[in-house]
There are 2 protein chains.
Amino acid sequence: MFDRILVPVDGSDGALAALRQAILLQEKFASQLFILSVYRHYSLLEASMSMVRPEAPENLDDSMREYATGVVEQAKQIARNSGVADVRGFVKSGPPARTIVQFATEREINLIILGSRGVGDIENYLLGSVSHKVTSLAQCPVMVV
Amino acid sequence: MFDRILVPVDGSDGALAALRQAILLQEKFASQLFILSVYRHYSLLEASMSMVRPEAPENLDDSMREYATGVVEQAKQIARNSGVADVRGFVKSGPPARTIVQFATEREINLIILGSRGVGDIENYLLGSVSHKVTSLAQCPVMVV
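Now for a description of the structure that goes with this document. Worth saying up front: this structure is predicted, and the values here are computed from it rather than measured. Here the residue numbering is sequential within each chain, running from 1 through the sequence in written order. Think of it this way: whatever chain is written first is A, whatever ligand is written first is 1, and the rest follow in order. The predicted nature of this model means local features are confined to residues of pLDDT at least 70 and side-chain atom pairs, given and counted, to a pLDDT of 80 or more, with totals for whole chains, interfaces and linings taken over all residues. Side-chain numbers here rest on the full set of heavy atoms in the structure, without hydrogens or water.

Summing up its helical and strand segments, chain A has 6 helices and 5 strands in all. Think of it this way: any DSSP run of H or I at least four residues long counts as a helix, any run of E at least two long counts as a strand, and we number them from the N terminus. Reading the helices (α) and strands (β) of chain A from amino to carboxyl end gives β-α-β-α-α-β-α-β-α-α-β. Each residue's exposure class comes from its accessible area (1.4 Å probe, protein chains only) as a fraction of the maximum for that residue type: buried when under 20%, exposed when over 50%, partly exposed otherwise. For chain A, the proportion of its 145 residues judged to be buried stands at 45%. The contact definition used throughout considers only heavy atoms, calling two residues in contact when any of these lie within 4.5 Å. In chain A, 77% of the contacts between residues at least 6 apart in sequence involve partners at least 24 apart. Every accessible area reported is derived by Shrake-Rupley at a probe size of 1.4 Å, with residue values counting cover from the shown protein chains alone. For chain A, the accessible surface area stands at approximately 7600 Å², while carbon and sulfur atoms represent 49% of it.

Moving on, we come to unusual backbone geometry. Residue and element names in this part refer to chain B. Located in the positive-phi region is A30, a residue other than glycine, with phi close to 50°. Within the secondary structure, A30 is located in the loop between helix 1 (13-29) and strand 2 (32-39). With phi around 55°, E108 is a residue other than glycine that occupies positive phi space.

Attention now moves to the interface of chain A and chain B. Listed per partner, the contact involves 23 residues of chain A and 25 residues of chain B. In this description, buried area is defined as the sum, over both parts, of the accessible area (probe of 1.4 Å) that is lost when the two are combined. A buried area of about 2100 Å², summed over both sides, lies between chain A and chain B, and 68% of it is on carbon and sulfur atoms. Pairs of N or O atoms are called polar contacts if they sit within 3.5 Å, as long as, within protein, a hydrogen donor faces a hydrogen acceptor (for residues adjacent in sequence, only side-chain-to-side-chain pairs). Viewed at the interface, chain B and chain A are joined by 3 residue pairs in polar contact (both at pLDDT 80 or more). Secondary-structure elements contributing two or more residues to the side of chain A that touches chain B are helix 1 (13-29), helix 6 (130-137) and strand 5 (142-144) of chain A. Polarity classes work like this: nonpolar for Ala, Val, Leu, Ile, Met, Phe, Trp, Tyr, Cys and Pro, charged for Asp, Glu, Lys and Arg, and polar for all others, with Gly in that last group. Class assignment of the residues belonging to the side of chain A that touches chain B gives a composition of 15 nonpolar, 6 polar and 2 charged. One requirement defines pairing of two strands: DSSP has to find at least two bridges between them. Relative to strand 5 (residues 142-144) of chain B, strand 5 of chain A is paired through 3 bridges, and the arrangement is antiparallel. Following the sheet pairing, V144 of chain A is matched in strand 5 of chain B by V142 of chain B.

Another aspect to go through is the side chain of K76 of chain B. Its location among the elements puts K76 of chain B in helix 3 (residues 56-81). Once residues within four sequence positions are removed from consideration, K76 of chain B is found in contact with I35, V87, R88 and G89 of chain B.

Here we come to the relation of the copies chain A and chain B. Superposition record for chain A on chain B: RMSD 0.0 Å, screw rotation 180°, translation along axis 0.0 Å. These values place the two chain copies in the arrangement generated by a two-fold rotation axis. Of every C-alpha in chain A, the one belonging to M143 of chain A sits nearest the axis of rotation, 2.0 Å from it. Taken together, the interface assignments show that 100% of the residues at the interface of chain A recur at the interface of chain B, consistent with an identical surface on both copies. For this overlay, a least-squares fit was computed on C-alpha atoms, restricted to residues scoring pLDDT of at least 70 in both copies.

Both faces of the sheet carry side chains from a regular strand, because those side chains alternate between them. Residues and elements named next belong to chain A. Residues L111 and I113 of strand 4 (residues 111-114) are buried on one face, and the alternating residues I112 and L114, pointing to the opposite face, are buried as well. Of the pairings in the sheet, the one linking strand 1 (residues 4-8) to strand 4 comprises 2 bridges and is parallel in character. Bridge pairing in strand 4 places L6 opposite I112. Where strand 4 and strand 5 come together, 3 bridges link them in parallel fashion. The residue of strand 5 that forms the bridge with L114 is V144.

The term nonpolar core refers to a set of buried residues drawn from Ala, Val, Leu, Ile, Met, Phe, Trp, Tyr and Cys, joined through side-chain atoms within 4.5 Å. Of all hydrophobic cores here, the largest spans 44 residues; its most connected members are L33 of chain A together with L33 of chain B. The contacts of L33 of chain A, once residues within four sequence positions are left out, are I5, V7, L19, A22, I23, Q26, A79, V84, D86, V87 and R88 of chain A.

Moving on to the packing of helix 4 (residues 96-106) of chain A against helix 6 of chain A. All names here are of chain A. Orientation is described by lines fitted to C-alpha atoms, with helices fitted over the stretch in contact, and by angles between N-to-C directions that extend from 0 to 180 degrees. Look at helix 4 against helix 6: their axes get within 9 Å of each other, and the N-to-C directions meet at 40°. It follows that helix 4 is oblique to helix 6 by the angle criterion. Viewed along their axes, helix 4 and helix 6 form a crossing whose handedness is right-handed. Every residue of helix 6 that contacts helix 4 at P96, A97, R98, I100 and V101 is listed here: V130, K133, V134 and L137. Taken together, the residues of the contact of helix 4 with helix 6 sort by class into 7 nonpolar, no polar and 2 charged. For classification purposes, an angle smaller than 35 degrees is called roughly parallel, one larger than 145 roughly antiparallel, one from 65 to 115 roughly perpendicular, and anything else oblique. We call a crossing left-handed when the near helix sits turned anticlockwise from the far one by less than a right angle, and right-handed when that turn is clockwise.

The criterion for an aromatic pair is that two Phe, Tyr or Trp rings (for Trp, the six-membered ring) have centres within 6.5 Å, with stacked assigned to planes under 30 degrees apart, edge-to-face to planes over 60 apart and tilted to the rest. In total, this model carries 9 aromatic pairs over all chains according to the counting rule given. The interplanar angle of 70° and the centroid separation of 6.3 Å between the aromatic rings of F34 of chain A and F103 of chain A together place this pair among those described as edge-to-face. Separated by 69 residues along the polypeptide, F34 of chain A in strand 2 (residues 32-39) and F103 of chain A in helix 4 bring together distant segments of the chain. An aromatic cluster is present here, built from F2 and F29 of chain A together with F2 and F29 of chain B joined pairwise through their rings.

Bringing the pattern of salt bridges into the picture now. Any carboxyl oxygen of Asp or Glu that lies within 4 Å of a side-chain nitrogen of Lys or Arg is treated as forming a salt bridge with it. This structure, assessed with the given rule, holds 6 salt bridges over all chains. The salt bridge involving K76 of chain A is made with E73 of chain A; its shortest N-O contact spans 3.8 Å. Here K76 of chain A pairs with E73 of chain A, and both are found in helix 3 (residues 56-81), just 3 residues apart, close to one helical turn. Residue D62 of chain B is joined to R65 of chain B by a salt bridge in which the shortest nitrogen-to-oxygen separation is 3.5 Å. Separated by 3 residues within a single helix, D62 of chain B and R65 of chain B lie in helix 3, roughly one turn from each other.

Structure representation (C-alpha cells):
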C-alpha cells in the first residue's frame, strides 16, 4: 500500500515530526524510506542577494548543499537508530515544492509525509506553504503531520 | 496509531478517493471510522442569496441537510460493503474547515483523510481550499488523497 514513503526534511521540528510518523508507518507497511532535502539554487535567491559581495554566491551554494546534506544524514541516522533498514538519502537543488513532487513522481513514491508549520503561522497560511503546494501538485497521497 | 480516522465527505470524487484510502488504512490499523458531512448554514450563504425569494432559505437549509445526510449514508454503505464494522456517520452545519477540525478535536481523531481538488485547479490553489485550511488548523495528521 505504501511501499515507498518520501519524507522531505529541512532541519525543522515539523520535518522531524514527519520523520517520526514515517518511521512508524514504514514499520507497519515494510516500506522503503526516502529522505530528501531540497535547497534553493543561487539563481533563485539572486533577488535578495544584492547586498552580498560578488564572490559570496558560490560559497553560499556550497554552504546550502552542505547544510542540506547534513540534514539528510542526520535524518537517515534517526531512521537507522529506530530500526529502519531500507533508508536512502538524497539532496537536490530547486524550488522546494516542485522538486519534491518531481522526485516523488520519478521514484514512484506512494506516500509523502511532510511537516506543517503549525497553527497560527498566518503568513504561511495566506501565502501558500510548501506543504500546501505539495498537496496540490502531488500525484500520490500526502500526509501533513 | 490511527485508532480513530475521520473522513469528511461531500459527494465528490475526491472524497470518495479519501474514503477508499481510509477503508484500507482502517483495515490495517483496526480503526474506528468517522464519516462527516458539513453543510453551510443559510446565514453563511446569505450574501449570494439575494435573488432568491424570501421563503427559499428555510427550504434550502432543509435541502442541504438532506443532501449531506444522503452523502454520509452512501459513504457508510460503501464502508460497510468493504467490511468496515465500526463506522459512524455525522452531519454538521458550519464553515467546512473549522467544523471538521472542531469535530476532530472533540472526537479525539488521530488521522483526517481528505480528498483534494486535484492538479490544475488554480482558483482553489490560490484562494486556499478546505484541505489547505484543515491541514493548517488540525491538531492531528491530515492525509490529502
